[in-house]
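If you want the building blocks of each chain, they are given just below.
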Amino acid sequence: MLNIEEIKKIIPHRHPFLLIDYIEDYEPGKYAVGYKCVTYREDFFAGHFPEIPVMPGVLTIEALAQVGAVAILSMEENKGKTAFFGGINKCRFRGKVVPGDKLKLETEIIQQKGPVGIGKAVASVDGKTVAVAELTFMVG
């Protein structure tokens, strides 16, 4: 398990754009499972949407990418580097994320060649899938 301070030693994201609270399990270069505890105090809820607060889907995908970055950047050869988006494929949103949700974020690295790779990512709340995607990353 990694707490927020340990996560910040691996990935460069910081408030307000660090979108994971802790990592429950991970294996460098293979996978990571993390969580985002969504509260009403999130900055994005002020405008998305004031009457019906919903976490933007693109931020759910970003949170999945950050969890994948923990898996990739925790590898010895990638320490101190940054993982950048190379693409988002097969992305589907299947549910809403709202204040009070505990968002489970799972990213498995399914392919990697040199600095480029692909992660299979699934976000869920209470066992219900809310988003899936294949995330292409580049380590630089």
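Residues numbered from 1 in each chain as written. Predicted model: local features only at pLDDT ≥ 70, side-chain atom pairs only at ≥ 80, totals over all residues. Heavy atoms only, no water.

Asks: Looking at this structure, how should I read the packing of aromatic side chains?
Replies: Any two aromatic rings considered together are summarised by their centre-to-centre distance and by the angle between their planes. Inspection of every chain in the model, using the stated rule, returns three aromatic pairs. Where Y22 meets Y35, the ring centres are 5.1 Å apart and the plane angle is 20 degrees; that geometry is what we call stacked. Within this pair, whereas Y22 is found in strand β1 (residues 22-27), its partner Y35 is found in strand β2 (residues 31-37), the two being separated by 13 residues in sequence. The pair formed by Y22 and Y35 is uniform in burial state, with each residue classed as buried. Taking 4.7 Å as the distance between ring centres and 65 degrees as the angle between the ring planes, the aromatic pair formed by F44 and F45 counts as edge-to-face. Following the ring pairs from residue to residue traces out a cluster consisting of Y40, F44 and F45. Sitting over the face of the ring of Y35, K102 holds its NZ or CZ atom 4.9 Å from the ring centroid. (Phe/Tyr/Trp six-rings, centres within 6.5 Å; stacked < 30°, edge-to-face > 60°. Helix = DSSP H or I, 4+ residues; strand = E, 2+ residues; numbered from the N terminus. Buried < 20%, exposed > 50% of the residue type's maximum accessible area, 1.4 Å probe, protein only. Lys NZ or Arg CZ within 6 Å of the ring centre and 35° of its normal.)

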